[in-house]
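Residue-level structure breakdown
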Amino acid sequence: MKKKEISTKACTCSIIGTGSHMPERVMTNDDLAKIVDTSDEWITTRTGIRSRRIAAEGEATSDLASAAARNALEMAGVKPDELDLIIVATVTPDMFFPSTACVVQKKIGAKNAVGFDISAACSGFLFALQTARHYLNGGPRKTALVIGAEKLSSLINWQDRNTCVLFGDGAGAVVLRSDDSGVVQGQVLSSVMGSDGSQTDLLKVPGGGSFLPVTPENVASRPNTIHMEGRETFKHAVTRMCQASEQALKDAGLTTDDVTLVIPHQANARILAVMADRLGIAAERMFINLDKYGNTSAATIPVALDEANRGGLIKRGDVLLLVAFGGGLTWASAVIRW
Ligand code: ACO
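Positions within a chain are numbered from 1, following the residues in the order the chain's sequence is written. With pLDDT at 70 or above as the cut-off, local features in this predicted model cover only qualifying residues; side-chain atom pairs require 80 or more to be listed or tallied, and sums for whole chains, interfaces and linings still use all residues. Side-chain numbers come from the whole structure's heavy atoms, not from hydrogens or water.

The domains assigned to the chain are domain 1 (12–181) and domain 2 (187–337). Domain limits in this description derive from either an automatic procedure or a database domain assignment. Taking only C-alpha atoms, the centre of domain 1 and the centre of domain 2 are 14 Å apart. The contact criterion used is simple: two residues touch if any of their non-hydrogen atoms lie within 4.5 Å. Taken together, the contact between domain 1 and domain 2 spans 53 residues of the former and 47 residues of the latter. The quantity reported as buried area is the accessible area (1.4 Å probe) lost by two parts once they are put together, taken as the sum for both. Around 3800 Å² of area is buried between domain 1 and domain 2 when both sides are counted, 63% of it from carbon and sulfur atoms. Any pair of N or O atoms that falls within 3.5 Å is considered a polar contact. Within protein, one atom must be able to donate a hydrogen and the other to accept it, and sequence-neighbouring residues count only if both atoms are side-chain atoms. Scanning the region where domain 1 abuts domain 2 turns up 26 residue pairs in polar contact (both at pLDDT 80 or more). Broken down by secondary-structure element, the contributors of at least two residues to the side of domain 1 that touches domain 2 are strand S2 (13–21), helix H2 (40–47), strand S4 (51–54), helix H3 (61–76), helix H5 (124–138), strand S7 (143–151) and strand S8 (169–178). If you tally residues by element for the side of domain 1 that touches domain 2, the top one is H5, at seven residues. Per-class residue counts for the side of domain 1 that touches domain 2 are 25 nonpolar, 20 polar and eight charged. By definition, any uninterrupted DSSP run of H or I lasting at least four residues is a helix, any uninterrupted run of E lasting at least two residues is a strand, and each is numbered from the N terminus. As a working rule, the residues Ala, Val, Leu, Ile, Met, Phe, Trp, Tyr, Cys and Pro are called nonpolar, Asp, Glu, Lys and Arg charged, and the rest polar, with Gly in that last group.

Laid out in structure tokens, this is it:
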């Protein structure tokens, strides 16, 4: 049976600002090789990752998110009290509650906004972007801040070489505005979201929630860290990212030839290479910063979008394809005309 996916066609929301913030501390593959049985050679050839950023002690997801948000607001020329909505996509919230969005609201002084979090692992930012578009199109709210922010170092088992080499910390944000002036930039033309709950076991943090609270008896098995079946996840990632890309392009009435730049979720360079090959997209049209930051889950796409934007790689009228895959399983894509 064909998997039901929700796709949404054009509306008049514009991305009017992008921002990102990465923690200062750089952890290289050689640094990791000092604490776990691995090597720069293995990590680089199997994943494409050379280093990742690690948040400082006491630096929470909301701190990274707030810094990224301020950068995006500055570019957009929007004051915090003009925001109507804040959505934070994260799997590493500051706390179970209040939401990280509410903490960000306090930190940036967005006193007129309503805020909440979204959990969709690495697809979280695109889920949040899509949710924000629906809010802006369906009601009186005009301006939204959509953030992807993670402190994955707080979920890493530094003794597990299968996972600890893959992840990093960071945050990215966009300011989204619904506009009836007819002046549209950074417009989402189409988007796709999907999930497959039959595969929840492939990629998870099993403990620390209501299912398996961490207790003195089980703490040694580190249930509150990332557990992943890498090979199986890899296969799903390629299939779902290709399908989601093709569907969003079809919904926008475009083909891969129309795409100026692909901004994919960055978990593994080999996933991106296979994906580019299957979609028939040349490597130069894939924006990749995985080598510097590793997999930053929900932060990956907004960080990459901001780097491409500030780096002058995107011009007005360009077509961007954003595509993500993550735990859940979840996947999502969006086609944007800049
Ligand atoms: N250093 C050295 N050796 C290692 C390391 C390491 N860091 N990690 C694993 N190995 C070893 C394994 O123990 C294994 O050894 P063995 O053959 O003696 O048993 C060997 O390398 C091969 O292990 P595999 O797991 O088969 O390696 P693979 O080539 O599949 O690469 C990886 C693993 C990088 C995890 C890959 O499977 C992958 O990228 N999977 C997809 C990840 C992904 O897409 N995640 C989705 C988003 S994440 C999110 O939602 C939060």
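Anyway, onward from the coordinates.
Okay, the site of the ligand next. A single heavy atom is enough: if one lies within 4 Å of a molecule or strand, its residue is considered near that molecule or strand. Around the ligand sit 25 residues in total, of which Thr38, Arg46, Cys122, Arg231 and Asn268 are the nearest. A distance of 2.6 Å separates an oxygen atom of the ligand from a polar atom in the side chain of Arg46. A distance of 2.9 Å separates an oxygen atom of the ligand from a polar side-chain atom of Arg270. Areas reported here follow the Shrake-Rupley algorithm with a probe of radius 1.4 Å; residue values treat only the protein chains shown as occluding. Burial of the ligand by the protein chains amounts to 78% of its free accessible area of 1000 Å².

To count as a disulfide, a pair of cysteine sulfur atoms needs to be within 2.5 Å. Tallied over the full model, the rule gives zero disulfides. As a non-bridged cysteine, Cys164 has Cys122 as the owner of its nearest cysteine sulfur, 16 Å distant.

We now examine the pattern of salt bridges. Take a side-chain nitrogen of Lys or Arg and a carboxyl oxygen of Asp or Glu: if they are within 4 Å of each other, that pair is a salt bridge. A full pass over the atoms with the stated rule returns 11 salt bridges. Its salt-bridge partner being Lys107, residue Asp63 comes within 2.8 Å of it at the nearest N-O pair. Of this pair, Asp63 sits in helix H3 while Lys107 sits in helix H4 (residues 100–108); the two residues are 44 residues apart in sequence, bridging distant segments of the chain. Accessibility expressed as a relative area gives 28% for Asp63, which makes it partly exposed. Note that Glu307 and Lys292 form a salt bridge whose closest N and O atoms lie 3.2 Å from each other. Taken together, the residues Glu307 in helix H10 (residues 300–310) and Lys292 in helix H9 (residues 290–293) connect sequence positions 15 residues apart. Burial status follows relative accessibility: with a 1.4 Å probe on protein chains alone, a residue under 20% of its type maximum counts as buried, one over 50% as exposed, and anything between as partly exposed.

One way to put it is that helix H7 (residues 230–251) packs onto helix H8 (residues 269–279) with a least axis distance of 10 Å and a crossing angle of 40 degrees. One element, H7, and the other, H8, form an angle in the oblique class. For the pair H7 and H8, the crossing hand works out as right-handed. In contact with Phe234, Ala237, Val238, Thr239, Met241, Cys242, Ser245 and Glu246 of H7, H8 contributes Arg270, Ile271, Leu272, Val274, Met275, Arg278 and Leu279. Of the residues assigned to the contact of H7 with H8, the class counts are 10 nonpolar, two polar and three charged. To define axes, lines are fitted to C-alpha atoms, for helices over the stretch in contact only, and angles between the resulting N-to-C directions are given on a 0 to 180 degree scale. Convention used here: angles under 35 degrees read as roughly parallel, angles over 145 as roughly antiparallel, angles from 65 to 115 as roughly perpendicular, and any remaining angle as oblique. A crossing counts as left-handed when the near helix is turned anticlockwise from the far one by less than a right angle, and as right-handed when that turn is clockwise.

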